[in-house]
Amino acid sequence: PTSISPTGAISGGSISDDGGAAVTSRGICWSTTPGPTTDLSTKTSDGTGVGSYASTISDLQPFTVYYVRAYAINSQGTAYGEEIRFRTLATVPSLSTTIVTAITRTSAASGGSIDTDGGSEITAKGICWGTSHNPSVSGSHMENSSSSEDFTVTMTALKPGTLYYVRAYAVNSIGISYGNEVSFTSE
């Protein structure tokens with residue numbers, strides 16, 4: 001496989017001999033377990049006949065090992081090429097921001113829920129807030145040191161009667177990712 005990304009890759013095959021019967025289907029098949037076959041839904045169909053072809057693999061999970069092999073079908077049956085093992089790349093975490101609770105004049109609580117670590121260990125997480133859309137860690141933010149995927153942080157030193165925007169964030173070796181933006185008004 002080439003062009004390996006967190007969610008896809010390009011592979012293919014080369015058929016040099018049709019075995020005495022026309023190749024009616026060819027492509028690749030893949031799985032997270034060894035020995036993928038054309039019985040799986042995770043396969044491509046890349047035309048007919050002998051020769052080389054390329055196949056795009058998509059909808060893969062980040063930082064996951066996959067097994068892939070080429071196949072060719074003729075009237076005599078299905079032939080498979082050599083099995084190749086590859087790992088997709090890691091990506092930034094995926095997370096969502098929780099609703100804001102415990103709102104007072106000068107404080108409020110929010111947090112996040114980490115859906116996936118992107119295939120790389122989370123090294124920091126927390127929330128960031130501000131009076132403009134899309135707050136980031138370059139502004140007001142607070143880290144949470146728990147090991148839980150769901151976390152809560154209390155924002156302090158807020159101005160009374162002010163509209164704030166909040167986003168959860170998580171960091172891994174690939175980079176930083178932000179959750180959805182939520183808003184609230186302090187009392």
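Check the entry above for the structure.
Here's what I pulled together on the structure shown here.

In this section: the nonpolar core. Residues Val100, Ile127, Trp129, Met155, Leu158, Val166 and Phe184 are the most contacted members of the largest nonpolar core, which totals 16 residues. Listing elements by their share of this core, those giving two or more residues are β8 (108–116), β9 (124–130), β11 (150–155), β12 (163–171) and β14 (182–185). Here this core takes 4 residues from β12, the largest share from any one element. With 13 residues, the next largest nonpolar core counts Val23, Leu60, Tyr66 and Val68 among its residues.

In the structure shown here, the tally under the stated rule is 2 aromatic pairs. The ring of Phe63 is capped by Arg87, whose NZ or CZ atom sits 4.6 Å from the centre of that ring. A cation over a ring is seen here: Arg167 above Tyr178, with NZ or CZ 4.1 Å from the ring centre.

Pairing within the open sheet is antiparallel, and its 3 strands lie in the order β7-β8-β11. Of all the strands in the sheet, the pair left with one neighbour each is β7 (94–97) and β11. Adjacent strand axes in the sheet meet at a mean angle of 25 degrees when their direction is disregarded. The sheet contact formed by β8 and β11 spans 6 bridges and is antiparallel. Directly across from Ala109, in β11, lies its bridge partner Thr154.

In terms of burial, strand β4 (residues 65–74) is a largely internal element, 9 of the 10 residues being buried. Bridge count between β4 and strand β5 (residues 77–80): 4 bridges; the pairing is antiparallel. Paired with Ile73 across the bridge in β5 is Thr78.

Rules and cut-offs
What you see as residue numbers is a count from 1 along each chain, following the sequence as written. Confidence filtering applies because this is a predicted model: local features only for residues at pLDDT of at least 70, side-chain atom pairs given and counted only at 80 or more, and all residues used for totals across whole chains, interfaces and linings. Note that the side-chain values use all heavy atoms of the structure and ignore hydrogens as well as water. Throughout, nonpolar core names a set of buried Ala, Val, Leu, Ile, Met, Phe, Trp, Tyr and Cys residues whose side chains join them through atoms within 4.5 Å. Partly exposed describes any residue whose relative accessible area lies between the buried limit of under 20% and the exposed limit of over 50%, with all areas from a 1.4 Å probe on protein chains only and scaled to the type maximum. Starting at the N terminus, helices and strands are each numbered in turn, a helix being any DSSP run of H or I of at least four residues and a strand any DSSP run of E of at least two. Working definition: a ring pair exists when centres of Phe, Tyr or Trp rings (six-membered ring for Trp) sit within 6.5 Å. Plane angles under 30 degrees give stacked, over 60 give edge-to-face, the rest tilted. Lysine and arginine charges are scored as sitting over a ring when NZ or CZ, respectively, is within 6 Å of the ring centre and within 35 degrees of the ring normal. The pairing criterion for strands is at least two bridges between them, as found by DSSP. To obtain an axis, a line is fitted to C-alpha atoms, over the contacting stretch when the element is a helix, and the angle between two such axes runs from 0 to 180 degrees between their N-to-C directions.

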